[in-house]
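Observations on the model geometry
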Amino acid sequence: MTELILALDVLDRKSAIAIAEASAPHVDAIKIGYPLVLAAGLGIARDLGGLGLPLIADFKVADIPNTNRLICEQVFAAGFDAIIAHGFTGSDAARACVAAAHETGGACYIVAEMSHPGATEFFHGGTAERLAELAVTSRADGIIAPATRPERIAVLRGIIGSRTIYSPGVGAQGGDPAVVARLVDGVIVGRSIYEAPDPAAEAERYAARIRQ
Ligand code: U5P
């Protein structure tokens, strides 16, 4: 069954906790990125840890192998269960993230192709396919692929096989959750849920749409 992952890009600790708690019964994981961590601190991972949901750190790690390892160690020590890393820095840098994740029993996902319009400028022309291949050869747990381009998800699925695909870009960015849900393992939703008047009810609606 396709998972629903809440992208919690709100900017204060109290509303982050309130939205996460209210939505928790309907979501399978929570993704936290720079906006919330820079606003509320890395301790937000411990604040949300009690919900019993996997926490994914969307830091799109993109440095040299040693720095990648140091970043990932901090992320997993803070209580996260998974990390998202870029692959364009090369296989040694990606493998450093994968190794740091797997040493703590965590997971690492590699960005194969991004969801925004400008992503086509660099990811198209074979790069996304190479990044998906890199995810396989570096033994990553899966990839990030764009819900805004279901046809591209299908191409990338052909490369990574049964590895996980998490897909952002539905709702606010225009992707159709019902279409994407058939192609991926998890749909990532941010603004459509956390900006809704009733985030929990919206999370419940999204869960029903992607799981039907
Ligand atoms: N995200 C994307 N596209 C990508 C990779 C990551 O949207 O290619 C992230 C955003 O940073 C945000 C979430 O945290 O997924 C989507 O949020 P929203 O557009 O549903 O609000």
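Residues numbered from 1 in each chain as written. Predicted model: local features only at pLDDT ≥ 70, side-chain atom pairs only at ≥ 80, totals over all residues. Heavy atoms only, no water.

Let's talk about the site of the ligand
Stated precisely, the cut-off is as follows: Any residue with a non-hydrogen atom lying within 4 Å of a molecule or strand is treated as near it. Under this definition, polar contacts are N or O atom pairs within 3.5 Å; protein pairs additionally need one hydrogen-donor-capable and one acceptor-capable atom, and for neighbouring residues in sequence, both atoms have to be side-chain atoms. Per-residue accessibility takes into account occlusion by the displayed protein chains alone, with areas from the Shrake-Rupley method and a 1.4 Å probe.
Around the ligand sit Ala7, Asp9, Lys31, Asp58, Lys60, Met114, Ser115, Pro168, Gln173, Val189, Gly190 and Arg191, and that is every residue in its neighbourhood. Contacts to the ligand include aspartate 9, whose side-chain N or O atom sits 2.6 Å from an oxygen atom. With respect to the ligand, the backbone of glycine 190 contributes an N or O atom lying 2.8 Å from an oxygen atom. Protein contacts shield 87% of the accessible area of the ligand, which totals 470 Å² for the unbound molecule.

Some points on the pairing of strand S3 (residues 55–61)
Keep this limit in mind: Exposure categories follow from relative accessible area, calculated using a 1.4 Å probe and restricted to protein chains: below 20% of the type maximum is buried, above 50% is exposed, and the middle band is partly exposed. Runs of E in the DSSP output that reach at least two residues are strands. Runs of H or I that reach at least four are helices, and both are numbered from the N terminus. Only when DSSP finds a minimum of two bridges between them are two strands counted as paired. With strands facing away from the observer, any crossover in which the path from the first strand over the helix to the second runs clockwise is taken as right-handed.
Burial of S3 is extensive: six of the seven residues sit out of reach of the surface. Across four bridges, strand S2 (residues 29–33) lies against S3 in parallel orientation. Counted as the bridge partner of lysine 31 is isoleucine 56 from S3. With respect to chirality, the unit in which S3 leads through helix H4 (residues 65–77) into the neighbouring parallel strand S4 (residues 82–86) is right-handed.

Concerning the pattern of salt bridges
We apply this condition: Any Lys or Arg side-chain nitrogen located within 4 Å of an Asp or Glu carboxyl oxygen qualifies as a salt bridge.
Throughout the structure, instances matching the rule amount to 10 salt bridges. Salt-bridge contacts for aspartate 58 lead to lysine 60; the nearest nitrogen and oxygen are separated by 3.0 Å. Overall, the relative accessible area of 8% leaves aspartate 58 in the buried class. Overall, the relative accessible area of 28% leaves lysine 60 in the partly exposed class.

Overview of the side chain of arginine 149
Quick note on the threshold: What makes two residues a contact is simply this: any of their non-hydrogen atoms within 4.5 Å.
Its place among the elements puts arginine 149 in the loop between strand S6 (142–144) and helix H8 (150–160). Here methionine 114 takes part through its backbone oxygen, which lies 2.8 Å from a polar atom of the side chain of arginine 149. Here arginine 149 is in contact with Glu113, Met114, Ser115, His116, Pro117, Ala119, Thr120 and His124, once residues within four sequence places are set aside.

Observations concerning the confidence of the model for the protein
Our working definition: Within a predicted model, pLDDT stands for the predictor's per-residue confidence, ranging from 0 to 100.
On average, residues of the protein score 98 in pLDDT, and 100% of them are at 70 or above. The complex prediction reports pTM at 0.98, with the ipTM value standing at 0.99.

Concerning the packing of H4 against helix H5 (residues 91–103)
Describing two packed helices takes the angle between their axes plus the distance from one axis to the other. For clarity, the cut-off: For helices, the fitted line uses only the C-alpha atoms of the stretch in contact; every axis is such a line through C-alpha atoms, and the angle between N-to-C directions lies from 0 to 180 degrees. The labels follow the angle: roughly parallel below 35 degrees, roughly antiparallel above 145, roughly perpendicular from 65 to 115, and oblique for the rest. Here a crossing is taken to be left-handed if its near helix is turned anticlockwise relative to the far helix by less than a right angle, and right-handed if that turn runs clockwise. Residue type decides the class: Asp, Glu, Lys and Arg count as charged, Ala, Val, Leu, Ile, Met, Phe, Trp, Tyr, Cys and Pro as nonpolar, and the leftover types, Gly among them, as polar.
Two numbers describe how H4 lies on H5: the axes approach to 8 Å, and their chain directions differ by 25°. As summarised for this structure, H4 and H5 are arranged roughly parallel, according to the angle between their axes. H5 is crossed by H4, and the crossing has right-handed handedness. Residues Pro65, Asn68, Arg69, Cys72 and Phe76 of H4 form the contact with H5, whose participating residues are Asp92, Ala93, Ala96, Cys97, Ala100 and Ala101. Across the contact of H4 with H5, the residue classes break down as eight nonpolar, one polar and two charged.

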